[in-house]
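# What the coordinates show
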Amino acid sequence: MSLKKGEQSRLVSPALPHKLKEAQPSPVVFSRDGISLFNRNVMNLYDEWEEPVVIISDGAYGLKGFPGDPPTPDGLPNWYKAHIAKWSERSTPLTTLWFWNTEYGWAKVHPLLEDNGWMFKSCHIWDKGMAHAAGNSNTQNLSRLPIVTEVCVQYIRKAEFKAGSRTLGMKEWIREEWERTGIPLSKSNEACGVNNAATRKYLTKDHLFYYPPPDAFERLVTYANRQGEPEGRPYFSIDGVRPISKEQWSRMRAKFHCPVGVTNVWREPPLHGKERFKLGSSVVHLNQKPLRLMELTIQISSDLGDMVWEPFGGLCTAAIASYRLGRRCRSAEVVPRFYELAKERLAKAQPMRPHAKKTLEAF
Ligand SMILES: C[S@@+](CC[C@H](N)C(=O)[O-])C[C@H]1O[C@@H](n2cnc3c(N)ncnc32)[C@H](O)[C@@H]1O
């Protein structure tokens, strides 16, 4: 596997705490079959990485969990600001962001995500169950119920289209393009070979709008460019030269493969047993995530060979999941000890067997 020019050669950002800036072991990158782990500050890597189809963010929680994690969730917007700006700059409408945090931490960061063009899709609750609270909860002293959850929040990017000096969302743009042709709205049904679904779903102004699947979009485009007023052509074009193709259209929306029987509540015990990385009897990383949950999110939002970003690697669970699922991945971890362990983990990882993929679908 080859790295893009410059992927290995950036400096650690001055934004990091002094302790982290000193750590520069060599080599700083480890690659296996399309997965690359970097012992670097991710801020210096974003520009070199190929655009992501999936971003898995499991960074600061405002709990002082690792060097640089703010002491309270109030510090989170500031901590994430530069990262979110970079994700926005380098993402496309194909990209899904999975943002892990506590409920309160997410609430603090959500406005910033929205301001940077991330559209909320769904909040998934990781319910670790009573086992997570057992032994820690003296009800005589508590002022709130024991917390046994984290959230993993799904965001996508809105596709945006230029119409002169205006920027339109997909719904508005499709309707405006059709209106420009001078063809009655109802003719969109003839274009798509349906009774009334095309007008109702693809040309509506209300919340019942549906993204036209690529085949339907192609039919609308062909019809509009054949029957529409000649002086307005091309219709449904971005470059003003040719209409958007079916293939281009299919890349204007985040991928989503809905698994059967999975809801937004993920009942999964806290990590234990063989999967939990330990040195002697001590846990190595407090925040190591279950591989199964990482695999679930990656499988839902990408296809074989797609690019996954894991900006805050820790033990690089998303990189391991990507390897197992045949995706490519870029992971960054700034603490050398975690990076070294993640390297070991990736070196030993096994690809997922096809029957195991089916089991995941029935998660
Ligand atoms: C919450 S942990 C991730 C745990 C991971 N999901 C796992 O399963 O092991 C966040 C990690 O991000 C790392 N980190 C924080 N800021 C970073 C940065 N700017 N660049 C690279 N790594 C960073 C921290 O050292 C920490 O290990």
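Up top you'll find the structure we're talking about.
Counting restarts for each chain, with residues numbered from 1 along the sequence as it is written. Totals for whole chains, interfaces and linings use all residues, but because this is a predicted model, local features are given only for residues with pLDDT of at least 70 and pairs of side-chain atoms are given and counted only at 80 or more.

## Section: the overall build of the chain
Strands are runs of DSSP state E lasting at least 2 residues, helices are runs of H or I lasting at least 4, and numbering of each runs from the N terminus. Scanning the chain for helices and strands turns up 12 helices and 13 strands. It is the C-beta atoms, placed from the backbone, that decide contacts: two residues are in contact if theirs lie within 7 Å. Long-range contacts, defined here as pairs at least 24 residues apart, represent 68% of the contacts in the chain between residues at least 6 apart.

## Let's talk about the site of the ligand
All residues are tested the same way: a C-beta atom is placed from the backbone, and lying within 6 Å of a molecule or strand makes the residue near it. In the vicinity of the ligand, 21 residues are found, and the nearest of them are N287, F312, G314, L315 and T317. Note on residue classes: Ala, Val, Leu, Ile, Met, Phe, Trp, Tyr, Cys and Pro are nonpolar, Asp, Glu, Lys and Arg are charged, and everything else, Gly too, is polar. For the shell around the ligand, the class distribution of residues is 9 nonpolar, 9 polar and 3 charged.

## Description of the nonpolar core
One finds A318, A319, A342 and L346 to be the most contacted residues of the largest nonpolar core, which totals 59 residues. Ranked by residue count, the leading element in this core is helix α10 (residues 317-325), at 6 residues. By convention the nonpolar core is taken to be a set of buried residues drawn from Ala, Val, Leu, Ile, Met, Phe, Trp, Tyr and Cys and joined through C-beta atoms within 7 Å. Field definition: a residue is buried when 20 or more other C-beta atoms are found within 10 Å of its C-beta, exposed when 12 or fewer are, and partly exposed for counts in between, with C-beta atoms placed from the backbone. Of all hydrophobic cores here, the second largest spans 18 residues; its members include A191, A216, F217 and V221.

## Brief notes about the sheet that holds strand β2 (residues 35-38)
Taken in spatial order, the 9 strands make up an open sheet running β1-β2-β13-β12-β3-β4-β6-β5-β9, and their pairing is mixed. For this open sheet the edge positions go to β1 (29-32) and β9 (265-267), each flanked by a neighbour on one side alone. This sheet shows a mean twist of 15° between the axes of neighbouring strands, independent of strand direction. Both strand β5 (residues 118-127) and strand β6 (residues 149-157) contribute to a ladder of 9 bridges, which runs antiparallel. By the bridge assignment for β6, S122 is matched with Q154. Two strands qualify as a pair provided that DSSP identifies no fewer than 2 bridges between them. Axis lines are fitted to C-alpha atoms, over the contacting stretch for helices. Their N-to-C directions set the angle, which ranges from 0 to 180 degrees.

## Focus on helix α3 (residues 103-115)
To estimate how far a helix should reach, multiply one less than its number of residues by 1.5 Å. The end-to-end C-alpha distance of α3, which contains 13 residues, comes to 19 Å, matching closely the 18 Å that a straight helix rising 1.5 Å per residue would cover. Taken as a whole, α3 carries its principal kink of about 35° at V109; the proline P111 stands between one and four residues after it. Listed in full, the buried residues belonging to α3 are G105, W106, K108, V109 and L113. Tucked inside the fold, the buried residues of α3 contact α2 (76-90), β4 (96-101), β5 and β6. Positive phi appears at G117, one or two residues downstream of α3, with a value of about 85°. Throughout, bend refers to the angle between the axes fitted to the seven residues that end at a position and the seven residues that start at it.

## Some details on α2
A rise of 1.5 Å per residue sets the reference length of α2, with its 15 residues, at 21 Å; its end C-alpha atoms lie 21 Å apart and thus fit the reference within 8%. Of all the positions in α2, only L76, W79, Y80, I84 and W87 are classed as buried. Turning to α2, the residues buried within the fold contact β3 (54-57), β4 and α3.

## Looking at the packing of α2 against α3
The relative placement of two packed helices comes down to the angle between their axes together with the axis-to-axis distance. At a minimum axis distance of 9 Å, the contact between α2 and α3 shows a crossing angle of 40°. With respect to their mutual orientation, α2 and α3 come out oblique. Considering the relative orientation of α2 and α3, their crossing is right-handed. Residue-level inspection shows L76, P77, Y80, K81 and I84 of α2 in contact with α3, the latter providing G105, K108, V109, L112 and L113. Grouping the amino acids of the contact of α2 with α3 by side-chain chemistry returns 7 nonpolar, 1 polar and 2 charged. Oblique is the label for any angle not covered by the other classes, which are roughly parallel (under 35 degrees), roughly antiparallel (over 145) and roughly perpendicular (65 to 115). Each crossing is labelled by how the near helix is turned from the far one, with a counterclockwise turn of less than a right angle marking it left-handed and a clockwise turn marking it right-handed.

## Quick look at unusual backbone geometry
Of the consecutive residues R233 and P234, the connecting peptide bond is found in the cis state with omega at 5°. Structurally, P234 is set in the loop between α7 (214-227) and α8 (246-250). In this model, D33 sits at a positive phi of 45°, which is unusual for a non-glycine residue. Assignment of secondary structure puts D33 in the loop between β1 and β2.

## Focus on the pairing of β1
With 4 bridges joining them, β1 and β2 adopt antiparallel strand pairing. Considered in β2, the bridge of R32 is made with I35. The turn joining β1 and β2, which pair antiparallel and follow one another in sequence, is formed by 2 residues; a positive phi near 45° is taken by D33.

## Thoughts on the environment of P93
The topology assignment puts P93 in the loop between α2 and β4. A C-alpha to C-alpha distance of 8.6 Å links P93 and E160, two positions 67 residues apart in sequence. Non-local contacts of P93, meaning those with residues more than four positions away in its chain, are made with R157, A159, M252, R253 and A254.

## Points about the packing of helix α9 (residues 291-301) against α10
Contact geometry for α9 and α10: axes closest at 9 Å, N-to-C directions at 60°. Of the possible angle classes, the one that applies to α9 and α10 is oblique. Seen from above, α9 lies across α10 with right-handed handedness. Between α9 and α10, the residues in contact are L291, M294, E295, I298 and Q299 and T317, A318, I320, A321, S322, R324 and L325, respectively. Broken down by class, the residue content of the contact of α9 with α10 amounts to 7 nonpolar, 3 polar and 2 charged.

## Structural notes on the pairing of strand β8 (residues 166-169)
Of the pairings in the sheet, the one linking strand β7 (residues 160-163) to β8 comprises 4 bridges and is antiparallel in character. From the neighbouring strand, K162 faces β8, where its bridge partner is T167. Between the end of β7 and the start of β8, which pair antiparallel, lie 2 residues, with G164 showing a positive phi angle near 65°.

## As for the environment of P243
Along the chain, P243 falls in the loop between α7 and α8. When the C-alpha positions of P243 and R233 are compared, they lie 8.9 Å apart, and in sequence the two are 10 residues distant. Excluding its chain neighbours within four sequence positions, the residues that come into contact with P243 are V221, N225, P234, Y235, F236 and S237.

The quantities given are spatial measurements derived from coordinates; they are silent on function.
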